[in-house]
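# Notes for the structure review
Chain by chain, the residues:
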Amino acid sequence: DAEITQSPRHKITETGRQVTLACHQTWNHNNMFWYRQDLGHGLRLIHYSYGVQDTNKGEVSDGYSVSRSNTEDLPLTLESAASSQTSVYFCASSEGQGARETQYFGPGTRLLVL
Amino acid sequence: GNSVTQMEGPVTLSEEAFLTINCTYTATGYPSLFWYVQYPGEGLQLLLKATKADDKGSNKGFEATYRKETTSFHLEKGSVQVSDSAVYFCALTPRTGFQKLVFGTGTRLLVSP
């Protein structure tokens, strides 16, 4: 069955370190998204991609970057981790670009920045 | 701008009780509307969706109707089960522009036996 996976599921790091969170989907979807989930905010969009070599900033992109070198993967990099980036991170993918499209979510990565 | 407002939780119910979780939205034009559910320790799953006014989305006994006149998309279930305990998110995607899901803050549902 097609799926979307994230790794690691849990990560503890120190302030200032570079961290990369992996996202891999086997749906062959063109669109991929990264969100962060924080209490009282729901999910907020960090970055998104509509295809290989395409990346775009979401509403909370400062301190994060992504790259899309193939269809299956969209890794999220925290260039210099900050305590404010402690959160749960979700990757998602979708097939088409219309408003009706369903996004499919991974299981999440819980990140703690000390 | 686009936004979604959900009722604060937690909502605590006994098994077989009737459930309503309120959701209202603000958007330009006519967005698509979604309910996602997050079970403990898991990612979000689509529960149901509606893409135009008066559409009713339904799944697993849950229903929600797209009400343009009241800009609402309330989630209902006639008889909840303990296994329905989860966090429920209302969300919208604008009709135009890029496919950005705008989420409410989520409502936690706790169902006791």
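Anyway, here's the lowdown on the structure attached to this text. (Residues numbered from 1 in each chain as written. Chains lettered and ligands numbered in written order. Predicted model: local features only at pLDDT ≥ 70, side-chain atom pairs only at ≥ 80, totals over all residues. Heavy atoms only, no water.)

### Thoughts on the overall build of chain A
Applied cut-off: Helical segments are the DSSP runs of H or I of at least four residues, strand segments are the runs of E of at least two, and each set is numbered from the N terminus. Restricting the calculation to C-alpha atoms gives the radius of gyration, and the globule rule supplies 2.2 Å times the number of residues raised to the power 0.38. A simple rule labels every residue: compare its accessible area, found with a 1.4 Å probe on the protein chains alone, to the largest value its type can have, and call it buried under 20%, exposed over 50%, or partly exposed in between. Residue contacts are counted whenever heavy atoms from the two residues lie within 4.5 Å of one another. Reported accessibility uses the Shrake-Rupley method at a 1.4 Å probe radius. Residues are deemed covered only where the shown protein chains occlude them.
If you tally the helices and strands in chain A, you get zero helices and 11 strands. Along chain A, helices (α) and strands (β) appear in the sequence β-β-β-β-β-β-β-β-β-β-β when read from the amino end. Scaling as 2.2 N^0.38, a compact globule of 114 residues should have a C-alpha radius of gyration of about 13 Å, and chain A matches this with 13 Å. Taking the principal axes of the C-alpha coordinates as reference, chain A spans close to 40 × 30 × 25 Å. Sorting the 114 residues of chain A into buried and exposed places 48% on the buried side. Expressed as a percentage of contacts within chain A between residues at least 6 apart in sequence, the contacts between residues at least 24 apart total 54%. By element, 44% of the accessible surface of chain A is carried by carbon and sulfur atoms, the whole surface being about 5400 Å².

### What to know about the sheet that holds strand 7 (residues 56–59) of chain B
All names here are of chain B. Our working rule: The pairing criterion is simple: DSSP has to find at least two bridges between the two strands. Only the contacting stretch of a helix is used when fitting its axis, a line to C-alpha atoms as for every element, and angles between N-to-C directions run 0 to 180 degrees.
Within the open sheet, the four strands sit side by side as 3-9-8-7. Their pairing is antiparallel. With partners counted over all chains shown, the strands left at the sheet margins are strand 3 (19–21) and strand 7, one partner each. Going across the sheet, the axis of each strand differs from the next one's by a mean of 15°, ignoring polarity. The pairing of strand 7 with strand 8 (residues 62–65) spans four bridges and is antiparallel. The residue of strand 8 that forms the bridge with Ser58 is Glu63.

### Some words on the interface of chain B and chain A
Our working definition: For any pair of parts, buried area is found by adding up, for both, the accessible area (1.4 Å probe) each one loses once the two are put together. Any carboxyl oxygen of Asp or Glu that lies within 4 Å of a side-chain nitrogen of Lys or Arg is treated as forming a salt bridge with it. The term polar contact refers here to a pair of N or O atoms within 3.5 Å; inside protein, the definition further demands a hydrogen-donor-capable atom paired with an acceptor-capable atom, and it admits residues adjacent in sequence only when both atoms are side-chain atoms.
Counting from both sides, the interface comprises 22 residues of chain B and, opposite them, 26 residues of chain A. Both sides together, the interface formed by chain B and chain A hides about 1800 Å², and carbon and sulfur atoms give 52% of it. Between the two partners, chain B and chain A, sit one salt bridge. Taking the shortest distance from any N to any O, the salt bridge between Glu59 of chain A and Lys100 of chain B comes out at 3.9 Å. Scanning the region where chain B abuts chain A turns up four residue pairs in polar contact (both at pLDDT 80 or more). The set of elements that each furnish at least two residues to the side of chain B that touches chain A consists of strand 5 (32–38), strand 6 (44–50) and strand 10 (86–93) of chain B. Here the side of chain B that touches chain A takes four residues from strand 5 of chain B, the largest share from any one element.

### Considering the side chain of Gln37 of chain A
Examined against the element boundaries, Gln37 of chain A turns out to sit in strand 4 (residues 31–38). Given a relative accessible area of 17%, Gln37 of chain A falls into the buried group.

### Here's the deal with the state of the cysteines
Covalently bonding the sulfur atom of one cysteine to the sulfur atom of another cysteine gives a disulfide. Let me state the cut-off plainly: Two cysteine sulfurs form a disulfide in these notes if their separation is within 2.5 Å.
Under the criterion given, the structure shown has two disulfides over all chains. What pairs with Cys23 of chain A in a disulfide is Cys91 of chain A, and their sulfur atoms sit 1.8 Å apart. Around the S-S axis, the bridge from Cys23 of chain A to Cys91 of chain A shows a dihedral of about -70° and counts as left-handed. With Cys23 of chain A in strand 3 (residues 19–25) and Cys91 of chain A in strand 9 (residues 87–94), the pair connects residues that are 68 residues apart, well separated along the chain. Residues Cys23 of chain A and Cys91 of chain A agree in their burial class; the two are buried. Covalently, Cys23 of chain B is tied to Cys90 of chain B through a disulfide, its sulfur atoms 2.0 Å apart. Note on the Cys23 of chain B and Cys90 of chain B pair: the S-S dihedral is about -70°, so by sign convention the disulfide is left-handed.

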